[in-house]
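# Breakdown of the fold
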Amino acid sequence: MTKLVIGHFYPDLLNLYGDRGNVLALIRRAQKRGIDVEVKQISVGDPLRSDDIDIGFIGGGQDSEQNIMNDDLVHVKGDTIKSMIEDNIVFLTICGGYQMLGKYYQEHDGNRLECLGAIDYYTEGKKERFINDTVYELELDDGRKVAVVGFENHSGRTYLGEGVKPFMKVIKGHGNNGEDGFEGMRYKNTFGTYSHGSFLPKNPEVTDLLIELACKRKYGEDFVLPEAESLDETKAREAALNYIENGKEQMI
């Protein structure tokens, strides 16, 4: 039987903007393919081994909550998470979770928070927040390009280093920093984005990409993810696109 274990990191602390819906989307679309799913909630003080999970999710949170979990992430679980990332375990990280995998976050007042340093990028905070509905273009591993929708609310400006690819191209919104035209990052099988919303329920191709990468790593590169109906998810994205482009709701 095909089975995936999802690790939901710090769900009691990093739970803004409905980000928990990303875990629910992973469960739903995996189960549509007959894949059994187990969810492990992993918070401060909980043990973590490198073979515990197949997909890791780290959401966004307020600064106070991020400060609480920072020591546990960096000094307790840090080496294990770094090993998991290098071993191609799949991770999706949102906003604060995305920032925390980089080198550091420097606040606009000059205070610098050292982050995990698992991947070569850094974030600088500014007074102005980017708050927008967003549209991106994602090129999938098979070359297809799809529209992706989300919602950004962040004051950080993230800059990618060597060997780190952007996740998506910005069509509407600001993305990583409002300068280079890109959103998020991809390093091996780890992804980061500023998209709340929740992100995955409106973007089934992204959900399927994460599930397929996890299954290929666990069951071999010849694993083919079976097709699954995406009517509800596609309607949700169409409604979001219609609202963003035309400023009005669409019945779904």
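Everything that follows concerns the structure shown earlier in this document.
All of these numbers come straight from a predicted model, not from anything done at the bench.

### Some words on the overall build of the protein chain
Helix and strand counts for the protein chain stand at six helices and 12 strands. For the protein chain, the C-alpha radius of gyration of 17 Å lies close to 18 Å, the compact-globule estimate for 252 residues. Dimensions along the principal axes, computed over C-alpha positions, put the protein chain at roughly 50 × 45 × 35 Å. Pairs at least 24 apart in sequence give 69% of the contacts found in the protein chain among residues at least 6 apart. Counting every atom, the protein chain has about 11600 Å² of accessible surface; 45% of that belongs to carbon and sulfur. The centroid of the 30 positive side-chain charges in the protein chain is displaced by 2 Å from the centroid of its 43 negative side-chain charges.

### Quick word on the packing of aromatic side chains
Enumeration over the complete set of coordinates arrives at nine aromatic pairs. Geometrically, the ring pair formed by Tyr98 and Tyr121 is tilted, given 5.3 Å between the ring centres and 50 degrees between the ring planes. One end of the pair, Tyr98, is in helix H4 (residues 96–100); the other, Tyr121, is in strand E7 (residues 121–139), and 23 residues separate them in sequence. You can call Tyr98 buried: its relative accessible area is 0%. The class of Tyr121 is buried, set by a relative accessible area of 0%. Measuring from ring centre to ring centre gives 5.0 Å for Phe167 and Phe191, while their planes differ by 50 degrees; the resulting arrangement is tilted. Here the residue Phe167 occupies a position in the loop between strand E8 (145–160) and strand E9 (168–172), and Phe191 occupies one in strand E12 (residues 190–193), the gap between them amounting to 24 residues. Residue class for Phe167 comes out buried when judged on its relative accessible area of 7%. The lysine or arginine in question, Arg112, covers the ring of Tyr104, its NZ or CZ lying 3.7 Å from the ring centre. The cationic tip of Arg157 hangs over the ring face of Phe130; the distance from NZ or CZ to the ring centre is 3.7 Å.

### A closer look at the packing of helix H1 (residues 21–32) against helix H5 (residues 204–219)
Between H1 and H5, the shortest axis-to-axis distance is 10 Å and the interhelical angle comes to 75 degrees. Accordingly, the angle class assigned to the pair H1 and H5 is roughly perpendicular. Residues Ala25, Leu26, Arg29 and Ala30 of H1 form the contact with H5, whose participating residues are Pro204, Thr207, Asp208, Leu210 and Ile211. Across the contact of H1 with H5, the residue classes break down as six nonpolar, one polar and two charged.

### Details of the pairing of E12
In E12, alternate side chains face the same way, and those of Thr190 and Gly192 on one face and Phe191 and Thr193 on the other are all buried. Bridge count for strand E4 (residues 90–94) against E12 is four bridges, and the pairing is parallel. Looking across to E12, one finds that Ile94 is bridged to Thr193. Sheet topology places strand E11 (residues 185–187) next to E12; three bridges connect them, and they run antiparallel. Each residue of the ladder has a partner; that of Met185, found in E12, is Gly192. The turn joining E11 and E12, which pair antiparallel and follow one another in sequence, is formed by two residues; a positive phi near 55 degrees is taken by Lys188.

### Let's talk about helix H2 (residues 63–76)
The α-helix winds at 3.6 residues per turn, so residues separated by three or four positions along the chain end up facing the same way. If you check H2, its first and last C-alpha atoms are 19 Å apart, about what 14 residues at 1.5 Å a residue would give, namely 20 Å. At Met69, H2 is deflected by roughly 40 degrees, the largest bend along its length. In this fold, the buried residues of H2 make contact with helix H3 (78–86), H4 and strand E6 (112–114).

Rules used in this analysis
- Residues numbered from 1 in each chain as written.
- Predicted model: local features only at pLDDT ≥ 70, side-chain atom pairs only at ≥ 80, totals over all residues.
- Heavy atoms only, no water.
- Helix = DSSP H or I, 4+ residues; strand = E, 2+ residues; numbered from the N terminus.
- Rg over C-alpha atoms; globule rule 2.2 N^0.38 Å.
- Contact = heavy atoms within 4.5 Å.
- Areas by Shrake-Rupley, 256 points an atom, 1.4 Å probe, with all protein chains shown as cover.
- Lys, Arg positive; Asp, Glu negative; His and termini not counted.
- Charge placed at Lys NZ, Arg CZ, Asp CG, Glu CD.
- Phe/Tyr/Trp six-rings, centres within 6.5 Å; stacked < 30°, edge-to-face > 60°.
- Buried < 20%, exposed > 50% of the residue type's maximum accessible area, 1.4 Å probe, protein only.
- Lys NZ or Arg CZ within 6 Å of the ring centre and 35° of its normal.
- Axes fitted to C-alpha atoms, helices over the stretch in contact; angles between N-to-C directions.
- Parallel < 35°, antiparallel > 145°, perpendicular 65-115°, else oblique.
- Nonpolar A, V, L, I, M, F, W, Y, C, P; charged D, E, K, R; others polar.
- Pairing = 2+ DSSP bridges.
- Expected span 1.5 Å × (residues − 1).
- Bend = angle between axes of the 7 residues up to and from the residue.

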